[in-house]
Amino acid sequence: MTTYRVRVGFHNPTGLTFRQLDEALEPLRFFRTDTNGGNFRYYMEYEYQSDLRSICDVCELAYSQACKVRKCPLILVEAKHKN
């Protein structure tokens, strides 16, 4: 199973923006990480695990859901490597 780190950012977001993003991503099994100590400004970080989806598929899925919340999101997807 591959674990992906997904960062979703917006220009000048509000707390409501990220709450709506959580609501859109949670049913799709994106789980918010707490790497920023609960403080956010421009982005929120999630983890996603899949055997079937490629990094491009995960990026497309995150982007399509983030666009429903607010236009012009910035998406960064990285595959996490186990050491």
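Scroll up to find the structure this text is about.
Residues numbered from 1 in each chain as written. Predicted model: local features only at pLDDT ≥ 70, side-chain atom pairs only at ≥ 80, totals over all residues. Heavy atoms only, no water.

The subject of this paragraph is the packing of helix H1 (residues 15–25) against helix H2 (residues 55–69). The geometry of H1 relative to H2 is characterised by a closest axis approach of 9 Å and an angle of 135° between their N-to-C directions. Between H1 and H2, the crossing angle belongs to the class labelled oblique. Crossing handedness for the pair H1 and H2: right-handed. Taking contact as the criterion, the partners of Thr17, Gln20, Leu21, Ala24 and Leu25 in H1 are, on H2, Gln65, Ala66 and Val69. Looking at the contact of H1 with H2 residue by residue, the class counts come to 5 nonpolar, 3 polar and no charged. (Axes fitted to C-alpha atoms, helices over the stretch in contact; angles between N-to-C directions. Helix = DSSP H or I, 4+ residues; strand = E, 2+ residues; numbered from the N terminus. Parallel < 35°, antiparallel > 145°, perpendicular 65-115°, else oblique. Left-handed = near helix turned anticlockwise from the far one by under 90°. Contact = heavy atoms within 4.5 Å. Nonpolar A, V, L, I, M, F, W, Y, C, P; charged D, E, K, R; others polar.)

This paragraph deals with the sheet that holds strand S1 (residues 2–9). Taken together, 4 strands build an open sheet; the order of strands is S2-S3-S1-S4 and the sheet is antiparallel. Strands with a single pairing partner mark the edges of an open sheet, and in this sheet they are strand S2 (30–32) and strand S4 (74–80). For this sheet, the mean inter-axis angle between neighbouring strands, taken without regard to orientation, is 30°. Summarising the sheet, S2 and strand S3 (residues 43–50) pair through 3 bridges and their orientation is antiparallel. Across the sheet, the residue bridging to Phe31 is Glu47, located in S3. Where H1 meets the sheet, it contacts S1, S2 and S3, and its direction lies at approximately 5° from that of S3. Contacting S1, S2, S3 and S4, H2 runs over the sheet at an angle of about 150° to S4. (Pairing = 2+ DSSP bridges.)

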